[in-house]
Structure formats: C-alpha cells, structure tokens
Amino acid sequence: IWYLQPLGIDVDYAGEQDIRAFYAMVDLPLSPNWTLTAGARRETTLLNVAPSRLDGFVEVIGVTALGSRFIELVPQEDAVANIDETSILPSVSAAWEIRPGMKLRGSWSRTIARPTFRELAPVATEEFIFGDEFIGNPDLIMSDITNLDLRWEWFGGEGAMAAVSLFDKDLENPIEYLSFFASNRSFIQPVNYESGRVDGFELEGRLPLGLLAGWLDGLTLTSNYTSIDSEVDVPEAEYVKLRDDFALGQETRRLQGQPEFVLNAGLTYDNEDLGLSTGVFLNQVGEMLATGAAIGEDGTPNVFTEERATLDFTFRWKYREHLSLGLKVKNITEEDRGSVYRRPNGEEAVKTSRPGARAIGLSLGWKW
C-alpha cells in the first residue's frame, strides 16, 4: 500500500475572509442636464491566515534595519496574519449631458485593495515559468486609494461610440512585488511601500463601417488605447543601500504591474441572416515592471516583462436553431515572451525567454 506522507518542511495554512458592508447613496437631478450622485460605503474586513507545519516552525523572510532580506525560522504562531479594519469610502460623481448622446462625467472616490491569501501566507511556492519561489508576507496591510476620473463620451447612431478618459490614482501602502536571493534561492515577495501614484488617459472608439458605405454592413471596427504613467517611492534605507552597495538605487520607480500602454483593436463581422459571426483581435501590452529591485545575499535589479502583442481570430456559424460550429485561434503570430533584469543606468541582462505558442480550438454543437 502506497500513501503520501507530508514532509516536515511542508507548510499548510487556513485562510478566512469576512467582508461586511453597507452604503448610502443619493442621486440628485440638479437640472435637466446635470446629475449629481454622492454616497459613502462602510466596509469591514476580517482577514486571517494561520500557517502550520509538523514541527511547529515556518520559514519567513526577515528584514534588517538596512533593508537586506534573509530567511529565518519562527514559531508558526508568530507568522499568523490578522487584518481587522473598518473603512469609510466616500464617492462623488457628476454628469453633464452636453447634448443628446454626449456626456461629460467626473468622479472622486476612495477605495481599498486587500492582500490575497497567497500574498499573506508564509508559504514558498515555485513559479514554474520563471523559476522563482513566491513567498507571502504576513505583515502586509491593506492599501488605500484615492481616485479621480474625468470622461467625455459620445454615442451615435447604429452603435457608433467615442470616448476620452483621464484618470489619477494616489495610493497609500501599495503592495509591491520584490525579487531577491536568499539562502541560494530566488524569491518574489509582496511588501507594502508608503505611497505611489498612477495616472494616464484612455481613448475608445467603435465604428460600424456600414455608416461609411452600404456594402460594409456588418463590419465593425473597435479600439481602445490606454497610456499609463506610474511611480512609487522606494523606502529611504532600502534606496541608500541599493545605491551605495550595488548601484541599483532609485528614489522612485514604476509601480509594479502597470504597463506603459495597452492597445486593443478588433475588426468583427456579424450577419444574423447567415448566422455568421467572426473577428480578428489585436492586443498589445507595453513593457511592465514585474518585480522591483531588492537586497538579499546580493542586489537584484528591477525585472521588466518585455512588450508583447497577441493576434487572435474567432469564427462562429449557427445553422437555424440546432447546429453551431466554432473556431478560435489564439496568438496567431506565435509571439515570444521574455523578461530582463535592468539596472538604473539602462544595462540589461536576459532573465527569461520562451517561444510563443499558437492555440487552436474547434467546437461543434447540436441543440435540441
């Protein structure tokens, strides 16, 4: 009889989350063209993660006063994560109908971002693509976000649409991912930084091409483009040690997980009489900070994922009410994926490089 016996180094954890909230909101038509909406939400977050191991000890990442990271073994009760926080989240928005089909909207709001169970639990799990070990951080706290948004939108006939949006977000205690070496292992860990910001703009459009010429009926062109600028303040002690010991110091850097830009475009064709729906879609994402520089046994530079583009195709044909045929092709161009280490002076070294793969799916359905 074979059976699996947990190793002494295996760590389990129990996670519990309870979110309770209520809100009050008022919608005021100030005039035929102006509407004001205001309200507030009271939200209580109860979040608990309790790790356990057979010997009663778990690994956590320790941090020196100068920001260097190392592995230490602590009693499992010292690695319990508890979040019990109540937040008042107000919001105000206004809408001005400039003329029928055209509006200008503006809003201000406060929101929060909670760490996930995986981000809190001191459990090392290997990232199979990059070869790093992701380890949670029981000391994480929630992030507070102040949002400002302004949007102009126009809806024309036959489904035509255009919109321009501006956004600005100020973050307190944003959760950032750092990468470093400790005990000859490569780690990624989430930490709280003090403050950060994100701002940018977005352009959106949808144009049924039949408006330009009758023979183009059924064809629709859609697109949106978002430009993102972000910044986070690196803690002083960490910045100084990165600068003095490894020439990696930056007082500010990009916010982790925010690409420089995102572009989506699509051309679709729909014909109800023929039961036909098909389209080609492009998604392009600018380079993005994957993990920030940090200090372990040595200094690890920022890691950036490279710009990538994906081209997809979909086809669906429906015959009467019974038969349907579908085809999906993803990543037609088999775009490669990669990431690089980058120093503040621009020097780069490849971290990962893997070829892209095309995925093809075919479906046949019969309904009765």
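Our subject is the structure listed above.
So, here's what we can say about the structure. (Residues numbered from 1 in each chain as written. Predicted model: local features only at pLDDT ≥ 70, side-chain atom pairs only at ≥ 80, totals over all residues. Heavy atoms only, no water.)

## Some thoughts on the overall build of the protein chain
Alright, step 1. Each helix and strand counted, the protein chain has two helices and 26 strands in total.
Alright, step 2. Along the first, second and third principal axes, the C-alpha set of the protein chain runs to 70 × 60 × 50 Å.
Alright, step 3. Counting over 368 residues, the protein chain shows a buried share of 35%.
Alright, step 4. When contacts within the protein chain are restricted to residue pairs at least 6 apart in sequence, long-range pairs at least 24 apart make up 63% of them.
Alright, step 5. Side chains of the protein chain carry 33 positive and 57 negative charges; the gap between the two charge centres is 7 Å. (Helix = DSSP H or I, 4+ residues; strand = E, 2+ residues; numbered from the N terminus. Buried < 20%, exposed > 50% of the residue type's maximum accessible area, 1.4 Å probe, protein only. Contact = heavy atoms within 4.5 Å. Lys, Arg positive; Asp, Glu negative; His and termini not counted. Charge placed at Lys NZ, Arg CZ, Asp CG, Glu CD.)

## Concerning the side chain of Lys241
Alright, step 1. One can find Lys241 in helix 2 (residues 236-246).
Alright, step 2. With relative accessibility at 19%, the residue Lys241 sits in the buried group.
Alright, step 3. Beyond its immediate stretch of four places on either side in the chain, Lys241 contacts Leu66, Ser68, Phe246 and Ile295.

## Overview of the pattern of salt bridges
Alright, step 1. Applying the stated criterion across every chain, the model contains 23 salt bridges.
Alright, step 2. The closest approach of N and O atoms between Glu204 and Arg151, which form a salt bridge, is 2.6 Å. Placement of the pair is Glu204 in strand 13 (residues 195-208) and Arg151 in strand 9 (residues 143-155), with a sequence separation of 53 residues.
Alright, step 3. Note on Arg151: relative accessible area 21%, which makes it partly exposed.
Alright, step 4. With a closest N to O distance of 2.8 Å, Arg253 and Glu176 form a salt bridge. Of this pair, Arg253 sits in strand 15 (residues 252-253) while Glu176 sits in strand 11 (residues 175-182), and the two are 77 residues apart along the sequence.
Alright, step 5. Taking the relative accessible area as the measure of exposure, Arg253 reaches 6% and is therefore buried.
Alright, step 6. Using a relative accessible area of 1% as the deciding quantity, one classes Glu176 as buried. (Salt bridge = Lys/Arg side-chain N within 4 Å of Asp/Glu carboxyl O.)

## A short note on the pairing of strand 10 (residues 161-172)
When a strand is regular, its side chains alternate between the sheet's two faces.
Alright, step 1. With twelve bridges connecting them, strand 9 and strand 10 associate as antiparallel partners. Looking at the pairing, Phe155 lines up with Met161 of strand 10.
Alright, step 2. Turn length for the strand 9-strand 10 hairpin, with the two strands adjacent in sequence and antiparallel, is five residues, and the turn residue Glu158 shows positive phi of about 60°.
Alright, step 3. In terms of strand pairing, strand 10 meets strand 13 through twelve bridges, oriented antiparallel. (Pairing = 2+ DSSP bridges.)

## Some details on a nonpolar patch on the surface
Alright, step 1. Among the surface-exposed residues, Val26, Leu28, Leu30, Trp34, Trp96 and Ile98 lie close enough to one another that they form a single nonpolar patch of about 520 Å² accessible area.
Alright, step 2. The set of elements that each furnish at least two residues to the nonpolar patch consists of strand 1 (12-29) and strand 5 (81-99).
Alright, step 3. Relative to the elements of secondary structure, Leu30 occurs in the loop between strand 1 and strand 2 (34-52).
Alright, step 4. A residue is classified by how much of its surface remains accessible, and Leu30, at 55% relative accessible area, is exposed. (Patch = residues over 30% accessible without salt bridge, like charges linked within 9 Å, V, L, I, M, F, W, Y side chains within 5 Å. Areas by Shrake-Rupley, 256 points an atom, 1.4 Å probe, with all protein chains shown as cover.)

## What about the environment of Ser68?
Alright, step 1. You can see Ser68 is positioned in the loop between strand 3 (57-63) and strand 4 (69-75).
Alright, step 2. On the accessibility criterion, Ser68 (15% relative accessible area) is buried.
Alright, step 3. When the C-alpha positions of Ser68 and Gly249 are compared, they lie 14 Å apart, and in sequence the two are 181 residues distant.

## Here's the deal with the sheet that holds strand 12 (residues 185-192)
Alright, step 1. Spatially, the four strands line up as an open sheet ordered 7-8-12-11, and their pairing is mixed. A strand with exactly one partner marks an edge of an open sheet, and here the two such strands are strand 7 (124-126) and strand 11. Averaged over neighbouring strand pairs, the angle between their axes works out to 30° when direction is ignored.
Alright, step 2. Alignment of strand 7 against strand 8 (residues 133-135), held across three bridges, turns out to be antiparallel. Within the sheet, the bridge partner assigned to Thr125 lies in strand 8 and is Phe134. (Axes fitted to C-alpha atoms, helices over the stretch in contact; angles between N-to-C directions.)

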